Amino acid sequence: MTDKLQVVGHNERKVDGRALVTGQPVFVDDAPAPAGMLHLALLTSPHPHARIRSLDVSAAEALPGVALVLTHENTPTRRYTTAGQGYPEPSPYDARMFDPKVRFVGDRVAAVAADDLATARLAAQRIVVDYEVLDPVLSIDAALAPDAPVVHDEPDSDAFDASRNLAAHATAIVGDVEAALAAAHTVVDVTVETQYAQHAPIEPHAARAELDPAGRLLLTTSTQVPFHVRRIIAHLLQIPVHRIRVVKPRIGGGFGVKQEVLIEDLVALTTLRTGRPCSLVITRAEEFVSSRTRHPMRVRVRLGADADGLLEAIDLDVLSNTGAYGTHSLTVLSNVGSKTLPLYPTAAAQRFVGHAVYTNLPVGGAYRGYGATQGQYAMEVAIDQLADRLGVDALDLRRRNHLRAGGTSPIFRELGEGREGVEQTITSCELPACIEIGAQRIGWAAKRGQRRRDGSWVHGVGMSIHLQGSGIPRIDLAAANLKLNDDGSVNLTLGATDLGTGSDTVLGQIAAEVLGLPLEKVLVTSSDTDLTPFDVGAYASSTTYVSGTAVLRAAEDLRGQLLEVAAAVLEVPVDDLRLEDQRAVAADGRSTSLEELALRSLYAVDQRQLAANASAVLDTSPPPFLACFAEVAVDLDTGRLRVLRLVAAVDCGQAIHPRLAEGQVEGALVNGLGYALMEDLAIDPEGRARGTDFGRYKIPSTLDVPPIEVVLVDSYEPTGPMGAKSVSEIGINAPLPVIANAVHDATGVWLTRPPFTAERVWRALNGE
Amino acid sequence: MPTIAHYHRPPDLDTVWGLLRDAEGSARLLAGGSDLVLRCPPEVDTLIDLSAAGLAGVSVRPDGSLAIGAMTTFSDLLVAAPVTDHLGGLLHDVLADFGSVLHRNQATVGGHVARARMSDLIPGLLAADAEVVVRTEDTSTRALADHLAAPPTTHVLTEVRLPVARGPAAGAFTRFSRSAFDHALLNVACVVHLDAGVVRTARVVVGETGVLGRRLRAAEAALTGRPLTEATIQAAAQAVVAELDPRQDALASADYRRHLAGVGTRRCLQRAAERLGEVA
Amino acid sequence: MRIEFELDARTITVEIAPGETLMTLLRRIGAVSVKDGCSRGDCGSCAVRLDGRAVTSCLLFAAQADGRRVQTAAGLADATGGLHPLQRALVDAGGVQCGYCTPGVLMAAMDLLESDPDPGEQEVRTALAGNLCRCTGYVKIIEGVRDAAALLREAEHD
């Protein structure tokens, strides 16, 4: 395909690359402070569970320079969810802007706006709060205990069953799982328990509010979901949507944590109350403790198979800890099933049962992988355990069972985003090629099962396979506008949100390809609720596939209009024309430039603005696939685990920008590697998160990352724009199981509790 | 932000000392900066920047000992061959994994020793029998171990000295941590001095959070007077495990730390033996 | 107090609070290529070069810059806006995703390239160990720095 393509499939320079690499002021907090800007500081709860008996803000308000103190006593009381999802959000409305009850250490108590940050912080510390401390719920088991304290005891809770601390519940049942397990030749039963992790974007959440000359509220914010921010802020603060404009400039990473509307309400309300601009950039400690995390889960998977390793039954039982609020509790939970089970459709009986529990702990949220990370870890370890029990090569076992093109899974229909799903047949799946290429690169045949020794170190290799989705079918809407300029360039305006992934570039490439333009003549403007059409935003691996389809459709529409004008100029039928190299070219070789067509339309004949608008909401969500292979070494003396090499072969359809696609996979793999080896937002016995800085919460540095080889396997998704699927999340699911499986190959122990610290491995080696 | 009212950058040590003495506890010496920015005590209102006082650089003294100026950065130390070659590469082991380049460019030896918190350098220096030169009203030289045990309240640490080894000697250092660039769960530094094929003196030092560097006398005794064989090394490692009473915290259990100390001791002694050309 | 220092070849004279950090000062006077990722010296986003050495500006007092030379990523491009080979190579290799860590990475990489014209992969890893990136997985950053070294060596030969 690629040889015929001019822009798509080529490594164009990222459209924002120049601005970023020259350090231009393109992030929220880089803009010069407008005159009179206030700075906000937060006061958060030191208790995991308490009721606020009273607040005394007089000392704070008396401090010179303090403009406003916000607490539950003077702010809107309507309930909402911070989850930046489509409307109505499939997350319980269990939060208030400020609540007289605090539910985790780090929960909001007050915010202070002052002339400068130091004053705001000092004032926040001068607020006197009288807490009635309540018994906290500090684990999944404690939440489920019969007489557990109730985290959400408000009478109007819309959670699944708040009185039993259940935020959400999801099931999907196909066939008779218990009967199939009872009849199976071999059954394996694996339980894994995953930890809290934080997204750790290098730019913390940042937002500014100001009133524009017309008195409208302008919010500039580091968000993945500008349109959801506008809607949710309008709902929460009871101001009309048309009085709010949300702009997302460049943002410093998101990974899901900026799919939450966490701070925009505070700057917005401060500006509305005071008439002054307002800024809030949360601290790194607040980012760790008070923002959002990956839901810790206990995932039990039971597999039943026949003697040849053909799967007959899969039972997936999930307990998810959503923390103090139920943001994304239902949908992340559902995704554990919907992104884990479909990979193995050979099992006729499948069951998924999931519960998300409330605790007085940090709040779970959207995090790259979105439940697939936890579910696929359990599943892929179980598959290796089954292979081990049957004496079958783990690679062969997967080959016998995995989803293929033309195949489907009943789970697609049974389990959607917090509701029933959408049936779909797989229209592209190069997983067989991924497995073959990956196995070859890692040297599977030569290295597996060898337990090569090198002093105190023993080596092993492991593998795992994965899928994700490409947007949420029949829910995610994206739209794009294209407008032709005098010189034949176009403005592409779209709601899609580039959070560093390069989506502005990728989406520009699609338009450029269709219109026969070089990328620099596609001027991309995205994520401004006044200027760009709607898009749900950057989540659920939707952008390339869903937003890309909207761009493709708009570009095809504009191409049609250009060809009509060209047909009039060249006096040939439209069907004889094509666009290439900035010209409309007729079958006979005559041509006219896009510039000429633009000038004619704008100034001369049949005058009009050539422009197009298109939307996309799709019936399918074709999964990207990935086969991952790892070589590890374990120091038998200390339990130290080193990942020596990672190979990931990926089917993401046609890669629009191969280098950016590889970068998505590399970044996701390393994020997952951190989760597997070192990242742990551990909680102390009082319910406080221990890691509040990068000194204590380690994320991988250059020295922690092994050589990584990403191979984009040739593929074409017929339903995707230019053959593309999405690719941003899938890689994060691989490191946990691939490393666990490689460690088993090396040592014979199964690692079921990440992070796989040296001490944990050492204890496992010692039979603990 | 620290509430600092005065900043001085004196051109010589005498002025530094005068300012420090006269400030009566309200001043702090500023070396690289890193630590003070994060942890400036509230009573401090004056900073005395040492960067112009001529305290940077490494030199070999007439008696062969090494003098490391307090303001020498870790980056400069890492390329100072007399230091990294000393005792067969003991301090190279320390420095090669010390922090990131950004920190090495900024952090200084004097600042690091003076802050006296969990350190990879201090166990190495203790194993090397380092001394410090301290300026008060006059100038004195004392063992680093004594200095750390009872630092003078007001002083300027101007220099770290590494005494020359008499006879064949070598050391090694190792650390255990979660990630490449992390506080060590525990670290070990060992030095052995040989005399006619047997260990004349030995240093086995273990550092961890809360313990800058503890000499393990039983392990040193297990080495002294014996040839540096595998059996001797094992005995020393076992002595460490028996003697050490490490801490338990969120990062590691006491059991595991004790085990690591044994492994680390064995590895350091084996490497020291290799560096001495002894078969271990 | 008043300090004077060189910032990207300009002389800056500015009133500061003696307890202010260099990072805060730089961002306050508009040198916002210097990013604040953690304020604790852990992430490297605020890295600048002080007298030619890359350091974390959040762990320096602004006063320490008095009389010294400070370079930031914004000063790398030439006067006409032409990208430095390192900037070009980093973007083209795919080493820039969100770009928030990029200015700090550029400073640490400049340190390396000035002392080692042909760094191996391990040398690049060591040089950048203090610069956290959550987007790229570092693969393409390392590639970009090595590409830049090659570009600079070519330029040297020409």
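Values in this document were obtained by computation on a predicted structure and should not be read as measured data. Numbers given for residues are sequential positions, taken from 1 along each chain in its written order. By the order in which they are written, chains take letters starting at A while ligands take numbers starting at 1. For this predicted model, a pLDDT threshold of at least 70 governs which residues receive local features, and a threshold of 80 or more governs which side-chain atom pairs are given and counted, while totals over whole chains, interfaces and linings are taken from all residues. As a rule here, side-chain values come from all non-hydrogen atoms in the structure, and water together with hydrogens is ignored.

**Q** Hey, could you go over the pattern of salt bridges for me, with residue numbers and the actual values?
**A** In the sections that follow, a salt bridge refers to a side-chain nitrogen of Lys or Arg positioned within 4 Å of a carboxyl oxygen of Asp or Glu. All told, the structure shown has 89 salt bridges over all chains when counted by the stated rule. A salt bridge links Asp30(A) to Lys35(C); the shortest N-O distance between them is 2.5 Å. Residue Asp30(A) is found in the loop between helix H1 (17-21) and strand E1 (38-44), and its partner Lys35(C) is found in the loop between helix H1 (22-28) and strand E3 (47-50); the two belong to separate chains. Each member of the pair, Asp30(A) as well as Lys35(C), carries the same accessibility label: buried. Here Glu380(A) makes a salt bridge to Arg398(A), at a shortest N to O gap of 2.6 Å. With a gap of 18 residues between them, Glu380(A) in helix H10 (residues 372-390) and Arg398(A) in helix H11 (residues 394-401) connect regions that are remote in the sequence. The same class applies to Glu380(A) and to Arg398(A), which are both buried. Residues participating in the shared-partner salt-bridge network are Lys14(A), Asp16(A), Arg250(A), Asp498(A) and Asp504(A). Strands here are runs of E lasting at least two residues and helices are runs of H or I lasting at least four, both read from the DSSP assignment and numbered beginning at the N terminus. Relative accessibility under 20% of the residue-type maximum defines a buried residue, over 50% an exposed one, and the middle range a partly exposed one, all with a 1.4 Å probe and only protein chains included.

**Q** Outline the interface of chain B and chain A, listing residues and values.
**A** The extent of an interface is frequently quoted as the accessible surface area lost upon association of the parts. Across the boundary between the two partners, chain B contributes 19 residues, which contact 16 residues of chain A. The term buried area means the drop in 1.4 Å probe accessible area that two parts suffer when joined, counted for both and summed. Roughly 1400 Å² of surface becomes buried between chain B and chain A when both sides are summed, with 49% attributable to carbon and sulfur atoms. Contact with chain A buries surface across chain B, with Arg178(B), Tyr256(B) and Arg267(B) losing the most and accounting together for 40% of the total. The interface formed by chain B and chain A contains 3 salt bridges. The contact rule is simple, with two residues in contact once any of their heavy atoms fall within 4.5 Å.

**Q** Report on the packing of aromatic side chains, specifying residues and quantitative values.
**A** The description of two aromatic rings rests on the distance between their centres and on the angle between their planes. Residue and element names in this part refer to chain A. In summary, the pairing rule links any two rings of Phe, Tyr or Trp, Trp by its six-membered ring, whose centres are within 6.5 Å, and it sorts them by plane angle into stacked for under 30 degrees, edge-to-face for over 60 and tilted for everything else. Taken as a whole, this structure holds 9 aromatic pairs over all chains when the rule is applied. Their ring planes at 80° and their centres at 5.7 Å tell us that Trp-444 and Phe-629 sit as a pair that is edge-to-face. In this pair, Trp-444 sits in helix H14 (residues 444-447) while Phe-629 sits in strand E25 (residues 625-635), placing the two residues 185 residues apart along the sequence. Accessibility classification places Trp-444 together with Phe-629 in one group, the buried group. Aromatic ring contacts, followed pair by pair, group Phe-288, Phe-694 and Tyr-697 into a single cluster. For a ring to carry a charge above it, either NZ of a lysine or CZ of an arginine must fall within 6 Å of the ring centroid while also lying within 35 degrees of the normal to the ring plane. Over the ring of Phe-98 we find Arg-108; its NZ or CZ atom is 5.6 Å from the centre of that ring.

**Q** Pulling in residues and values, what's your account of the interface of chain A and chain C?
**A** Listed per partner, the contact involves 49 residues of chain A and 44 residues of chain C. Buried surface at the junction of chain A and chain C, both sides included, amounts to about 3800 Å², of which 59% is carbon and sulfur. Its largest share of buried area at the contact with chain C, chain A owes to Val21(A), Ile202(A) and Thr702(A), together 20% of the area lost on that side. On the surface where chain A and chain C come into contact, there are 8 salt bridges. Ionic pairing is found between Arg13(A) and Asp92(C), a salt bridge with its closest N-O pair at 2.9 Å. Listing elements by their share of the side of chain A that touches chain C, those giving two or more residues are H1 and helix H18 (658-677) of chain A. Class assignment of the residues belonging to the side of chain A that touches chain C gives a composition of 21 nonpolar, 16 polar and 12 charged. Classification used: nonpolar for Ala, Val, Leu, Ile, Met, Phe, Trp, Tyr, Cys and Pro, charged for Asp, Glu, Lys and Arg, polar for all others including Gly.

**Q** Help me get a handle on the nonpolar core, residues and values and all.
**A** Residue and element names in this part refer to chain A. Judged by nonpolar contacts, the single largest core of 170 residues is most densely connected at Leu-303, Phe-352, Phe-629, Ile-739 and Phe-756. Once residues within four sequence positions are removed from consideration, Phe-756 is found in contact with Tyr-377, Leu-641, Ala-676, Leu-677, Leu-736, Ile-739, Ala-740, Leu-751 and Val-761. Of all hydrophobic cores here, the second largest spans 52 residues; its members include Val-546, Ala-555, Leu-660 and Ala-724. Buried Ala, Val, Leu, Ile, Met, Phe, Trp, Tyr and Cys residues that are joined via side-chain atoms within 4.5 Å together make up what is termed a nonpolar core.

**Q** Give me the domain arrangement of chain A: which residues, what numbers.
**A** Residues and elements named next belong to chain A. Per the domain assignment, the segments making up chain A are domain 1 (2-24 + 477-616), domain 2 (35-134 + 202-253 + 257-290) and domain 3 (297-472 + 620-765). For the domain bounds, the source is a domain assignment made automatically or taken from a database. Averaged C-alpha coordinates put domain 2 and domain 3 at centres separated by 36 Å. Taken together, the contacts link 25 residues of domain 2 with 29 residues of domain 3. For the pair domain 2 and domain 3, the number of links is 0 salt bridges. In the analysis that follows, any N or O atom pair within 3.5 Å is treated as a polar contact, provided that within protein one partner can donate a hydrogen and the other can accept it, and provided that, for residues neighboring in sequence, both atoms belong to side chains. Inspection of the region where domain 2 meets domain 3 yields 12 residue pairs in polar contact (both at pLDDT 80 or more). When residues in the side of domain 2 that touches domain 3 are grouped by element, the largest group, 4 residues, is from helix H8 (residues 284-290). In the side of domain 2 that touches domain 3, the residues fall into 12 nonpolar, 7 polar and 6 charged.

**Q** I'd love a proper account of the sheet that holds strand E6 (residues 131-135) of chain B, names of residues and values included.
**A** All names here are of chain B. Paired strands, as defined in this entry, are two strands with at least two bridges between them according to DSSP. The sheet built from 5 strands is open, its strands ordered E4-E5-E8-E6-E7 with antiparallel pairing. Strands at the two margins of the open sheet, each flanked by one partner only, are strand E4 (58-60) and strand E7 (139-143). When strand polarity is set aside, the average angle formed by the axes of neighbouring strands in this sheet is 25°. Between N-to-C directions, angles span 0 to 180 degrees; the directions come from axes that are lines fitted to C-alpha atoms, helices contributing only their stretch in contact. Contacts between helix H1 (residues 13-23) and the sheet are confined to E6 and strand E8 (156-162), with E8 contributing the most and set at about 130° to the helix.

**Q** Hey, could you go over the side chain of Thr194(A) for me, with residue numbers and the actual values?
**A** Among the structural elements, Thr194(A) can be located in the loop between strand E8 (186-193) and strand E9 (206-211). With residues near it in sequence (within four places) discarded, Thr194(A) still touches His295(A), Pro296(A), Met297(A), Gln374(A), Tyr377(A), Tyr675(A) and Pro754(A).

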